[in-house]
Amino acid sequence: MEATTKPSAEQVEREIGEQLDQETFDPPSGFRDKALIGDESEPEAAARDPEAWWAKQAEALDWFEEPDQVLDDSEAPFYKWFVGGKLNASHNALDRHVEAGRGDRVAFHWRGEEGEERDVTYADLLRDVKRLANVLKERGIQPGDVVGIFLPMIPEVAVAMLACARIGAPHNVVFGGFSPDAVKERMEFSEAKGLITVDCARRKGKAADIKPAVDAFLDDVPSIETVVVVRNTGADVPMKEGRDLFYDEAIEAAGEDCPAEPLDAEHPLYVLYTSGSTAKPKGILHTTGGYLTGVAWTTKHVFDLKPDEDVFWCSADVGWVTGHSYIVYGPLMCGMTSVMYEGAPDYPDKDIWWELCERYGVTVFYTAPTAIRACMKWGISHPQKHDLSKLRLLGTVGEPINPKAWLWYWKLIGGERCPIVDTWWQTETGHIMITTLPGAQYAKPGSAGKPLPGLEAAVLDEEGNEVPAGEQGLLALRRPWPGMLRTLFKDDERFKETYFSKWDETTYFVGDAARKDKDGYFWIVGRVDDVVNVSGHRLSTAEVESAIVAHPRVAEAAVIGQQDEDTGQSIAAFVILEGEDSEGGEALEKELREHVAQRIGKLARPKRIIWTADVPKTRSGKIMRRLLRDIAEGRELGDVTTLREPGVMKDLEGKFAGEEE
Ligand code: PRX
């Protein structure tokens, strides 16, 4: 690109300002003409008979035995999909592509932090998956046994997940940024029999010891009988005889033959822990046939993917559901070539993402609004250094996108020729639920769009009545869908209570506030429970509170999510100290942040700590977070009449007035 053709930052800013009022963006004609779905016929067909429509989509998978019933709702809300069918996720992700002669196709262009590159083909993955599956079997891991995975963004993470799927052992992946304490807890809750981890992880030029950190708790989790260690940096790490194996040595010694286990459609594929309203994370359980059907359909049609032409890149971490569905299962199911990047978006430099898009010819790119806002801050020169002309579709996920960031993405990354799909979904839903079909439906910046075919969403009031168009209410999903969570791991009661008790057992309570406009487009407002969304990651206020309170100097803590320009929301903690002193000072503030990082992970560190002598509570002793949010965000206080001691608010308000100065 010629330097003279590039607009200046001022020009971009001005143009974005001028377009802020533009409500709708039609699919660019160059895109629409070649799109897989270019009109409304698919949503219409699905609306006529959703079950039949989903049954048709399930035909995209390779079944060992065809299902004989599409949906069994006899025990609602414990729904079953594709009953009687048998299949295997790793067979669908790998074997069938290799058997069809596509073994040499690159599954992942992997890029390491320090610029290392590996092209991993479908045949490579299949060979390693079979060998690792054999290792796990030899160690006595049986169908139904949970295997923990705590790995960075390296190809072995996909091998590990698929090896588990091959033998019917549900995996429990823990995000690499979580602390060993959080890993331990998740291993205990899921009664994991094995753990696949790494010697060290790399982050921005530094290496962090993982195996030694994991060792510190392994003896306390006796269910874990096998630990497979991937040599990532090659550091010398302690290994326990009889329990620990090096990945490379183990797969080298293992047999190469390992048929994929024919599993029931409802066989558990994975459990993934996510934050809920209480301090105990929820083990979201996904099963095989329905999940894969929903993930395969959405990967192909929301991202309009053509396996022979496209290169897909979802920049999430595989430790979150976005990585499960749109780095591993969806793209592999569709036979795609994807990019997998180990590092951070600003290392070694702030143009690394765009460098990778150019280098691998990425055509479809999927990321989070918070990342786009960070890129905006870093400036337009970074994307402008690279040729992004291969891109033809962009996506976002995790939080609402503000129109300014949407326009920046549209202009600077998409060159005004790429539709943007804003995809709303959750760990629980398994796959994308609300978005726009990029070749058929216009986008409205800030709105996720409409429910995808075969799905039904509504905005309800407390009683379950639909609220008028444009008014805020509670988002609900009204009919079961194949990729839905089946339960919370070993906690059916909490599952029912959390998702199907607000209205009735056929209406799923999302936990988000939303509005639906006159065109049927959904505008997601944010969580209505005590969950905070930091950079698109879910954190529970109760979990952070309990981490803070575990510090010996803290008597009580109240945590809220406050609006944040960069991360959407950030964590603010009101902290009451033990003893007379109510002011903690800077050193303690630092210590508390570190303490939370150790207990949960760095992403849970409070951005702001507010020392206080008391927090507002109802007469029954419940912390009134609503008031704390009002205070933190400088709003006029809501109703204080139910407070036990209304005077508390005066002190806190005074404090904030001081802090803002
Ligand atoms: O509040 C919604 C928000 O993220 C929550 C789900 O978080 P999690 O299970 O971690 O999954 C994130 C990635 C799928 C939702 O309840 N959320 C997700 N996507 C959007 C969103 N909010 C607004 N717009 C979105 N596109």
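Residues numbered from 1 in each chain as written. Predicted model: local features only at pLDDT ≥ 70, side-chain atom pairs only at ≥ 80, totals over all residues. Heavy atoms only, no water.

A. Spotlight on the nonpolar core. If you look at the biggest cluster of nonpolar residues, it comprises 163 residues, and the most contacted ones within it are Leu 132, Phe 303, Tyr 329 and Ile 548. Looking at this core element by element, the count peaks at ten residues for helix α7 (residues 155-167). Taken domain by domain, this core gets at least three of its residues from each of domain 1 (128-284) and domain 2 (531-660). If near-sequence neighbours (up to four positions away) are discounted, Ile 548 is found in contact with Val 554, Ala 557, Val 559, Ala 573, Val 575, Leu 592, His 595, Val 596 and Pro 606. Within the second largest apolar cluster, 34 residues are counted, among which are Ile 16, Ile 401, Cys 418 and Ala 443. (Core = buried A, V, L, I, M, F, W, Y, C linked by side-chain atoms within 4.5 Å. Buried < 20%, exposed > 50% of the residue type's maximum accessible area, 1.4 Å probe, protein only. Helix = DSSP H or I, 4+ residues; strand = E, 2+ residues; numbered from the N terminus. Domains from an automatic or database assignment. Contact = heavy atoms within 4.5 Å.)

B. View of the site of the ligand. What surrounds the ligand is a group of 17 residues, the closest being Asp 422, Thr 423, Thr 427, Arg 527 and Arg 538. Here Gly 398 contributes a backbone N or O atom positioned 3.1 Å from a nitrogen atom of the ligand. Arg 527 is positioned such that a nitrogen or oxygen atom in its side chain is 2.8 Å from an oxygen atom of the ligand. Bound to the protein, the ligand loses 96% of the 550 Å² it would expose on its own. Counting residues per element, the ones that place at least two in the shell around the ligand are α12 (321-333), β20 (420-423) and β27 (522-527). A per-class count over the shell around the ligand returns six nonpolar, six polar and five charged. (Near = heavy atom within 4 Å. Polar contact = N/O pair within 3.5 Å; in protein donor to acceptor, adjacent residues only side chain to side chain. Areas by Shrake-Rupley, 256 points an atom, 1.4 Å probe, with all protein chains shown as cover. Nonpolar A, V, L, I, M, F, W, Y, C, P; charged D, E, K, R; others polar.)

C. Structural view of the sheet that holds strand β24 (residues 472-477). In spatial order, the strands read β23-β24-β26-β27; together these four strands make up an open sheet with antiparallel pairing. Pairing within the sheet leaves two strands with one partner each, and these edge strands are β23 (457-460) and β27. The mean angle between the axes of side-by-side strands here comes to 45°, regardless of whether they run parallel or antiparallel. Here strand β26 (residues 508-516) pairs with β27 via five bridges, running antiparallel. (Pairing = 2+ DSSP bridges. Axes fitted to C-alpha atoms, helices over the stretch in contact; angles between N-to-C directions.)

D. Region of the structure containing a positive patch on the surface. Together, Arg 203, Lys 206, Lys 602 and Arg 605 make up a positively charged patch on the protein surface. Mapping Lys 206 onto the fold places it in strand β10 (residues 206-209). Given a relative accessible area of 64%, Lys 206 falls into the exposed group. (Patch = residues over 30% accessible without salt bridge, like charges linked within 9 Å, V, L, I, M, F, W, Y side chains within 5 Å. Salt bridge = Lys/Arg side-chain N within 4 Å of Asp/Glu carboxyl O. Lys, Arg positive; Asp, Glu negative; His and termini not counted. Charge placed at Lys NZ, Arg CZ, Asp CG, Glu CD.)

E. View of the packing of aromatic side chains. Within this structure, the stated rule accounts for 34 aromatic pairs. Judged by centre distance (5.2 Å) and plane angle (90°), the ring pair of Tyr 326 and Trp 425 falls under edge-to-face. Of this pair, Tyr 326 sits in helix α12 while Trp 425 sits in the loop between β20 and β21 (434-435); the two residues are 99 residues apart in sequence, bridging distant segments of the chain. Trp 425 gets classed as buried once you look at its relative accessible area, which sits at 9%. Pairwise contacts between aromatic rings join Phe 78, Tyr 79, Trp 481, Phe 495, Tyr 499, Phe 500 and Tyr 508 into one cluster. The positively charged end of Arg 231 is found above the aromatic ring belonging to Phe 246, 3.8 Å away from the centroid. Sitting above the plane of the Tyr 521 ring, Lys 444 keeps its charged end 5.0 Å from the centroid. (Phe/Tyr/Trp six-rings, centres within 6.5 Å; stacked < 30°, edge-to-face > 60°. Lys NZ or Arg CZ within 6 Å of the ring centre and 35° of its normal.)

F. Seen up close, the domain arrangement of the chain. Taken domain by domain, the chain consists of domain 1 (128-284) and domain 2 (531-660). Contact residues are listed per partner, giving 16 residues for domain 1 and 14 residues for domain 2. Each partner contributes to the roughly 990 Å² buried at the junction of domain 1 and domain 2, and carbon and sulfur atoms together form 47% of this total. Remark: the boundary between domain 1 and domain 2 carries one salt bridge. When the shortest N-O distance is used, the salt bridge between Glu 543 and Arg 186 registers 4.0 Å. Broken down by element, the side of domain 1 that touches domain 2 gets its largest block of residues, four residues, from helix α8 (residues 180-190). (Buried area = accessible area lost by both parts, 1.4 Å probe.)

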